[in-house]
Structures are given as C-alpha cells and as structure tokens.
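Structure assessment
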There are 2 protein chains.
Amino acid sequence: MKDTDMNGAESLVHTLLASGVEVCFTNPGTSEMHFVAALDHIPGMRSVLALQEGVASGAADGYYRMAGKPASTLLHLGPGLANGLSNLHNAKKAGSGVVNIVGEHASTHIELDAPLTSDIEGIARPVSHWVHTSHAADTVGKDAAAAVQAAMVAPGQIATLILPSDTAWNPGGVAHDALETPAPVPFEEANLARAAEMLDGPESLLMMGGGALTEENLEIAGRIAAQTGCKLISEWSNARLERGAGRVEIGRVPYPIDIALKVLEPYKRIVLVGARAPIGFFAYPGKPAILTREGAEILTLATAGADLGGALDALSQATGSTDTPPAHVVEPALPERPTGPIDLDGLAAVIARAIPEDGIIVDESVTTGRAFFPVTKGAPKHSWLNNCGGSIGYGMPVAIGAAVACPDRKVLGLIGDGSAMYTVQALWTMAREDLDITILIFANRSYRILRGELTNVGVGNPGPRAIDMLSLDRPDLNWVQMAQSMGVEACQVATCEELEAAMETGLSTRSPYLIQVDL
Amino acid sequence: MKDTDMNGAESLVHTLLASGVEVCFTNPGTSEMHFVAALDHIPGMRSVLALQEGVASGAADGYYRMAGKPASTLLHLGPGLANGLSNLHNAKKAGSGVVNIVGEHASTHIELDAPLTSDIEGIARPVSHWVHTSHAADTVGKDAAAAVQAAMVAPGQIATLILPSDTAWNPGGVAHDALETPAPVPFEEANLARAAEMLDGPESLLMMGGGALTEENLEIAGRIAAQTGCKLISEWSNARLERGAGRVEIGRVPYPIDIALKVLEPYKRIVLVGARAPIGFFAYPGKPAILTREGAEILTLATAGADLGGALDALSQATGSTDTPPAHVVEPALPERPTGPIDLDGLAAVIARAIPEDGIIVDESVTTGRAFFPVTKGAPKHSWLNNCGGSIGYGMPVAIGAAVACPDRKVLGLIGDGSAMYTVQALWTMAREDLDITILIFANRSYRILRGELTNVGVGNPGPRAIDMLSLDRPDLNWVQMAQSMGVEACQVATCEELEAAMETGLSTRSPYLIQVDL
C-alpha cells in the first residue's frame, strides 16, 4: 500500500481505519494538527471532542466494553496524556483495549526542553501494556497496526503510540493492513479435572470475572451450579456483567470488608474463571487482606486473558452438566412502586422499575448504590458496568463511550456527586454528540464512603476539620445549573414520585438528561 | 523530639509545620484517612479541599509563586497523583516548590494488586525532582523534612513523598525539625567579565527570567541598560513578573514564531540571568527552533537555580552602573476609557484601567491576551503570573494558591474558556474558601490558538471536521450558570461599559466573582 503522497498522519488514519478503529476521542493540540487535518479529509473516523482528556480516556474504556474493539484517543503531548491517566488506569484494570495516540514535539525540538517537553514514555508506562515512539513517517503505519494489535490482546490492553510531529507532517507515510487479532491464551487444561472435582456442594464456589460474564457463559455456569450444587460469584467490580430477567444471576463479592469476609467464609474450594482470588479493596489495621477462609483451596482454571468460553465449556463437560437446566435463572420481577421522600430502598426500587430492555447501566454510585443489585435483578435484560480501577470520575466518560458504541441502547448513569465532579466536563460532550444518556446524580453532598473509611481505619470521633475535608456542602453543588451550563437538560427531585416522572422524561428522550437526586 | 505516642501521620503533620509548610491542598481517600485525622487534631495547617487533584496541584504552584515557600498536597494513591500531574508539570517548569504527599496501600497490600494499586513512583518521576517512599512509621518525619528541603532547592522543586498507609497508622512516629534551606548555587563568576563586555549598545540583550524578575532585580537591570545601552527582555512565560508604574519595564519574547524571530533578530550578544536562550514553543515545518540570529553570542551568567540577585549586583558593578539611574522606568499611564462592543483593544484597556495596586494577575488568556502587556504596563504596581509549562488549566488553580498565599491582595484571573474548562472544579474551592478572586472568562468559543497553529504547521483550508475539533460552540458554555452551580457569583458582558461595571463589582467584593466576556 505504498503511497508516496501520503504523510505520516494520513498513514496513521488509514491504518487505524483498516484495523477497525472507527472512533477517536480527542483533545488535540499544536503537535497533533496534522492528525486533525488527516481526520478532516479522510472519511470514516468519528472524532469526539472532550474538554479534558480524562473524558476522552474514560470514553475509550466504555467504548471497548460495549463494542468489543478499541477506540483511539488523540492526546496532546505528556500533559494531555497525564490528564487522561487515571481513567486509563481504570481501563487497564477493566481489561479494556485502548489505542492512545500521543503527539510529541518534532524530533529535533525535544532536546531543546521547551515548556511542554516531558518524558511522555515515562508518563505512559505505568498505565500502558505497550509503549512505542515512532521515529520516522514511514514507520507510523506499521507502528499503528502494532498498537491496535497490542490493544486487542485479551481481555484488552492499553497501547500508547507516541508520534513526534515530524513523523506526522513528513511525506513517505505507508498505510498498513490490519495485523492478526491475537488469540486468547489457552485455559489451564491441567487444572480441569481438579476444578471439576472441587465444585461439589454448597462449600464450593465458581468465581467468574471479565469475559466470563456474558449471557452465554453465565448460562453455562448456571448449568454447572445446578449439577454440582456450587455457588456462583463475581468480583466486586465487573467491566460488564449481563444480567436481568431470563439470565443466570451472579452476585458480587461485597465491598465492605466485614461483610465480604462473612459472605466468603463458607467456601472451602474456589475455582477461578477470568477472576482473581478475592482480596480487600484496601488494607485496614488488624483485618485480613485475603478475604477467603484460611486453608481454602483456590484453583485458577482460566486467567482474564484466557479462552473463558472454552474453559466453561470444558468445565461443563467435566462436571457432566451440559444438559442440565441452569440454576439461578432470574424470573421477571419488579419491586413495589415506592412513594414519598427518597431513601436508598426507594431509590433502588424506582431505578429497578425504570431500567429499559437492553439498557446499559454505568454504575459509579459508590455508597448510594450498594443496595441496587438485589432489587434490580429482575428488571429487563441489561448490561451493568462497574469501575474496576477505583479511581473516581470514571462514570460519565464511560457512559459516553458506551453510548457511542451502542447508539440503539439507552445508557443510564448512576453517579455519586463527588465522582461526577471529577470529570464534569463530560456533560458537554454528551450534549455536543446528542448522546442517549440519562444521568442520575446522587447528591449526598459528601464523600460518604470516606466517612465510613475513617472509622474503618480506626479513627474514632472525627472533628470538624476532618469532616470538612470529606464534605461537598459549603457550597452545595447545583447540578441542574451545572448541566444546563453545558447544554444538558436537567431537573432536581426529592421524592420517589418526582424521580419516577423525571426518569420517564429522561428515558423517553434520545438526548442526554440529568437528574439531581437529593439524598 | 521522640514521642512514642505519635503515629506516622502525626509525625508528618508536626514535621511539615516545623518546616514552615502551613497549607495543604487536598483530595484525600481511604489510604490518607490517618493524615486527615492528624490534620484534624493538630492545629496549624490550613487544609483546602479540591474536587479534582489538578486544582490542588495548581494551587500549590500559585502558592509557591506568591509565598516563596512550598505548600503540601495530599493525594490519593497513583490515580490521585495522576490527576494532579499536568499542573505539577506546569509547576516544575515554573520553578515552583511543591511537597506532594501521596498515600499508598499498606506495605503488605501492594503485592495483592488491588484495583487502586499502581506504580506510584513511576507516575511521580516524570514531574518530580525528588521521589521517595517511606517504609516505616519512624522514618516518616525524617523523610518529610527531606521532602520540604528538596522542594526548597532554588528556584523550587517538585518533591513527592509516598506514604504506605501502615506508615501512617503505625505508632513510633518521630517528628523532625526543619532541615536547612538549601542555598542557591553560585552564578558563573568566570563569565562575569565577558558578560559585562557583551552588554554594549542596542545590539546587546540582557535576558532575564525566574527570580531575576523581582522589583529590586529589575531596577538593577534598568541601571545596567541605562549605562550600557543594552536591551532587556524576559521569557514568554514568567512564573512571576513584578511590573507597573514606577518599576523597570521588561518585555517578553513573543509566542508567534515569526514575530519572535523578528524581535530577536537585532541581537548579536545575549547575556542570560535566570533565563534560558530563546527557543520556539513548538517546532514548525521549515522554521527554525532557535529564535536568536545565527552566530549570536549567548552567555549564561546565572542559571535559574543560581543567586540571581548576586549575579545582577556583580554585573552592575562590572558595567559601572551602580549609580546610574535606571532606564525604562514606567510612568503611571492608563489608556482612554473604551466604549462599545468588546474587541481585543477595548478589553485590554478596561483591564488596564481596573488593575488594582498590588493586584496579582494570573494570565491564561492565550490568544486573547497577547495585546494585554503593552497596554497594562502603566497600571499600578502588580504581579503578573504566566503558565510556564504550557499545559492548559493552570489559571484558576494558580489563582486559588495566590489568593491563599496573599489574602490581602486582589487576584485577577484572565482565563480563556478552553483553558478554564480543564480545571473548572476550581470555582467551587474559590467559593468554599471565599477567596478574593475575580475571574474573567474570555468566551471566544474555540481553541482559537489552534486555528492559527493549523496554519502554522502548514495545513491550509481546514474542513468542517477539523474546525469542529477546535470549536467550543455546539453547545455554547454558559459560564454564569457554571459559576453559580458551584456557588460563585457571576455575570456576562458584551460591551466595554458592561465589563467596566462588572469589574467594579468584582473588585469591590472580597469574594470570588466571575465575568463571562463574550468575544
């Protein structure tokens, strides 16, 4: 595909398109202007502008979770990448594939140490599986194809390609064909027989994560559970869990450490498929970090990057459950219609009753949402997305990416006020792209989770200065004005009836809509 | 100061206070709860909450520029640090000293690779001069004293101290006395005689930066200029420049490369005091990156970390100008009162007429502000702060830090709309702390600078997709609603008369006030 009229930037865009990358979440700068020009005149790439790079990188995470293939980001030098870093951390932990394109000064300019010069590879490395700097226009195409391939390594990886601006503007670009999509690694076949033996009765647990949580894989797990009597559980945070009426239910390891210890206490034998052995989110003085009972036998049948469907098929055969009807299939069921001032139960009930068929739930509800799971299980089929990296500000950007990936599905964001503020600029992108997203902001006016954590780490009776550092009042945030300032329609509710009506409004439009839920 | 009842967190707070660190810009998380508790019960540290860490790190930058000593940040693990990274990049380039305190998982928890686990040292290193992880409670005090000392190395450095949570909660903390403040390195005395010879007539230039730009040092430079006939100039971006009526005027190397080349073309001999030789902000195809004329003799008398006052004193003596009245002393002068719709000249004039005595101007006006400098030179004495690292989103956070450092001085922020959106959460902290800041948002509804850069890098006739990636309309941002949503009073103006009235309102209150200036 040699084309001597092509510059490096054009070879990048052609290669990304050939490799199936169709979306670019971006905030470009001077060093990326040739890429902007190439995106302008080469059709096929949807460019989505973000007003801060954390929105762009989070959107790429959400896109991968729902599209199953990477988007690109286009970021301005080290600082632009740095702004996107915490949501890349989250994407990395979620097993999402992302192709970061980061502009760099022209090769001759780097040594001059200009104001924007920084160690871009150094900034990229902690959140990237793959980092590469191109050194000439004629290798940009090849390097871009390798970046996409690296991002597609199962379950998904962060690939960061750094392009000095002369590699963009120089002629001699060569577009490259897509490289082969990497196959997942094999599961641990040597562990299969023992895994099948271990799953025997209610003291055994099949713990699943990542790509094991599709509808099809959960059905296999349901058969295994029916046949063996084992229990099923997933990690606390799942990149994408398929759930709702008609699907096999799977719980989550609870976040609060004492409850998690209690939930996991019965299990003497645990088989892992795409999940890791349960550990605490944080360490606490005097409490264990390993959440399983002492002496529990834990066996990995398949790591996150393995062939999880193959592992479950084999486990189903080894346990003789291929023809067993699955256990734990959820019946359609909705809670009673709640009324009156909003409390956590009422909130969960209104949400459960509103979840639309094929809805995508982006959950960054933190403390508010801990009771949502049981109540919503009988809602129509939906996808549930959690934050796997623990860095707040993931929710609204991930909602953007999910909505771009799935324009025919409603996205419902359940976001704590403290989390939403981290990447509040996301609202503007939702408005600009007219995305089909309804956002609930849970306005408890505090980092509520940290009030509990203060106690958990052993700090009794916090004084006013400590409480002030965990509070979002003084002044209160007005989310209706905030949303409207960025072009998103919004309302504020204090009762279950008002919330129900507001969700009807939000879910019946195909534009973004924000509801401030006063708690 | 051994106190066996003290935990590591308490030893940190005592040590920081003993070392003169009195302010903590923070967004803490679980792993920092013991520090929150220590800040709660040990009096003396002002804790300022930010809703995103970029606000905290930028505020620490502004604080150092005006207080001349470091503040601390308190950040939550790798992702919290990551969010603060781009403004730490700016602080590093400005020569600001910052003491970052970053929580880490308990030592025993790190190997478990929990969701929030990351390579914190790796994230810190590209923006830090000094990085250290404490390994036990009894070294936290000593490490904290070393961190403050590292931050105080002239002109100021980024020191990042990483504290695993068990080093915070374990007993055995030992508060440490302040370590000696490092002396600046000597200037290049061997170059003094040649420097004095070089400064001779209008083809010679004394270029100054950093700590050379105080009122006193500028007066010395003015004497040298009067005696030798040399010209004076500063870098495009100065961390803090003292200017206004009664002070010696110094220009800046222009940002647009063609104008910079023209301005610097006459100079055959350049002496550097606290500045670096002028280079382009970016490289452009076919244009030089070195902005000085070919064959120009460039001599460094003092680097940014050197004794700049000593260097200028010595240069003054060597040029025989100690008793010469300074040249370029600015007469008080204000432009005519402008009227009618706001254009760039009218805008500059209104601002010049409004600058209060001892005002602090935080300039992130990007394209809008390029004409502000000549018009404002005759305003009452003021400090002018620029972005030295080029990463946008520096302005509102730096305004916070400046206002905290100088509660008796008015802070005036001149901020482009695209830049302001990067760290828009800063408005809430301004409201919460009731800071004496007036913010002008220049609403040109685009990344205007990039329209020019597209041309500069050789891209002619950009199409609609390119222009869309550089535009902030669709939807327009409503800055009045935005500010009010975070508790900041605001108004919108379109004429010079309206702007004048709005600035009177803003400058006469001692609370934050935002003015959306429609351009």
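Residues numbered from 1 in each chain as written. Chains lettered and ligands numbered in written order. Predicted model: local features only at pLDDT ≥ 70, side-chain atom pairs only at ≥ 80, totals over all residues. Heavy atoms only, no water.

1. As for helix α10 (residues 215–228) of chain A
All names here are of chain A. Basically, it comes down to this: Per the convention used, a helix needs a DSSP run of H or I reaching at least four residues, while a strand needs a run of E reaching at least two, with both numbered from the N terminus. For a helix, the expected span equals 1.5 Å multiplied by the number of residues minus one. Only protein chains enter the accessibility calculation, which uses a 1.4 Å probe; a residue whose area is less than 20% of its type maximum is buried, one above 50% is exposed, and one in between is partly exposed. Contact criterion: two residues are considered in contact whenever any of their non-hydrogen atoms come within 4.5 Å of each other.
Counted at 1.5 Å a residue, the expected span for α10 with its 14 residues is 20 Å, and the 20 Å between its end C-alpha atoms agrees. Residues of α10 that are buried: Asn217, Leu218, Ile220, Ala221, Gly222, Arg223, Ile224, Ala225 and Thr228. Its buried side turned inward, α10 meets β7 (204–208), β8 (231–234), β9 (241–243) and α12 (308–318). Directly after α10, the chain includes Gly229, whose backbone phi takes a positive value near 80°.

2. Things to note about the pairing of strand β4 (residues 98–104) of chain B
Residues in a regular strand point their side chains to alternate faces of the sheet. Residues and elements named next belong to chain B. Basically, it comes down to this: Between any two strands, at least two bridges found by DSSP are needed for them to pair.
With respect to burial, β4 is a largely interior element, seven of its seven residues being buried. Alternating residues of β4 divide into Val98, Asn100, Val102 and Glu104 and Val99, Ile101 and Gly103, and every residue in both groups is buried. Of the strand pairs in this sheet, strand β3 (residues 71–75) and β4 are connected by five bridges, and their pairing is parallel. Looking at the pairing, Leu75 lines up with Val102 of β4. Bridge count between β4 and strand β6 (residues 158–164): seven bridges; the pairing is parallel.

3. A closer look at the environment of Leu179(A)
All names here are of chain A. Mapped onto the fold, Leu179 is located in the loop between α8 (165–169) and α9 (192–198). Residue Leu179 is classed as partly exposed on the basis of its relative accessible area, which comes to 34%. Expressed as a C-alpha distance, the spacing of Leu179 and Ala327, which sit 148 residues apart in the sequence, is 41 Å. The contact partners of Leu179, leaving out residues within four places of it in the chain, are Ala145, Ala146 and Gln149.

4. Side note on the environment of Ala348(A)
Its place among the elements puts Ala348(A) in helix α13 (residues 344–354). Excluding residues within four positions of it along the chain, Ala348(A) makes contact with Ala371(A), Phe372(A), Val375(A) and Thr376(A).

5. Some points on the UniProt feature "domain: Thiamine pyrophosphate enzyme TPP-binding" (unreviewed entry) in chain A
Condition: UniProt positions are given in the numbering used here, feature names are shortened, and annotations may be inferred rather than shown by experiment.
Mapped onto the present numbering, the UniProt feature "domain: Thiamine pyrophosphate enzyme TPP-binding" (unreviewed entry) falls at residues 380–517 of chain A. Split by type, residues 380–517 of chain A is 43% helix and 20% strand. Its first and last C-alpha atoms lie 23 Å apart.

6. Here's the deal with the layout of surface pockets
Residue and element names in this part refer to chain B. What counts here: Buried and open spaces are told apart on a 1 Å grid over the protein atoms alone, a cavity being a set of points where a 1.4 Å probe fits but cannot get out and a pocket being an open set with protein on both sides within 12 Å along at least five of seven lines. Residues with an atom within 4 Å of a point are the lining residues. Grid points are joined across faces, edges and corners, and a volume is the space filled by probe spheres set on the points. Three categories are distinguished: nonpolar for Ala, Val, Leu, Ile, Met, Phe, Trp, Tyr, Cys and Pro, charged for Asp, Glu, Lys and Arg, and polar for the others, with Gly belonging to the last.
Empty space within the second largest pocket amounts to approximately 1,200 Å³. If you trace the second largest pocket, you find 47 residues lining it, with Lys93, Ala94, Gly95, Gly210 and Glu235 closest to the centre. Listing elements by their share of the lining of the second largest pocket, those giving two or more residues are α3 (53–67) and α4 (77–94). When residues of the lining of the second largest pocket are assigned to their parent elements, the largest contribution, four residues, is made by α3. Split by residue class, the lining of the second largest pocket holds 25 nonpolar, 14 polar and eight charged.

7. Focus on the sheet that holds strand β10 (residues 251–252) of chain B
Residue and element names in this part refer to chain B. Across the sheet, which stays open at both edges, the five strands sit in the order β10-β8-β7-β11-β12 with parallel pairing between neighbours. At either end of the open sheet lies a strand with only one pairing partner, and these are β10 and β12 (297–302). Summarising the sheet, strand β7 (residues 204–208) and strand β8 (residues 231–234) pair through four bridges and their orientation is parallel. For Met207, the partnering residue across the bridge sits in β8 and is Ile233.

8. Brief notes about the relation of the copies chain A and chain B
Operational definition: For this overlay, a least-squares fit was computed on C-alpha atoms, restricted to residues scoring pLDDT of at least 70 in both copies.
If you rotate chain A by 180° and push it 0.0 Å along the axis, it lands on chain B with an RMSD of 0.0 Å. What we have between these two chains is a two-fold relation.

9. Observations concerning the interface of chain A and chain B
Basically, it comes down to this: Salt bridge, as applied in this entry: a Lys or Arg side-chain nitrogen positioned within 4 Å of an Asp or Glu carboxyl oxygen. We define a polar contact as two N or O atoms separated by no more than 3.5 Å, with the added condition that, inside protein, one atom must be a possible hydrogen donor and the other a possible acceptor, whereas residues neighbouring each other in sequence contribute only through side-chain atom pairs.
In this complex, chain A contributes 96 residues to the contact, which on the side of chain B involves 96 residues. Taken together, the connections running from chain A to chain B amount to seven salt bridges. Among the ionic pairs, Asp468(A) bridges to Arg432(B), the shortest N-O distance being 3.4 Å. Scanning the region where chain A abuts chain B turns up 51 residue pairs in polar contact (both at pLDDT 80 or more). A total of eight residues in the side of chain A that touches chain B trace back to one element, the largest contributor, which is helix α4 (residues 77–94) of chain A.

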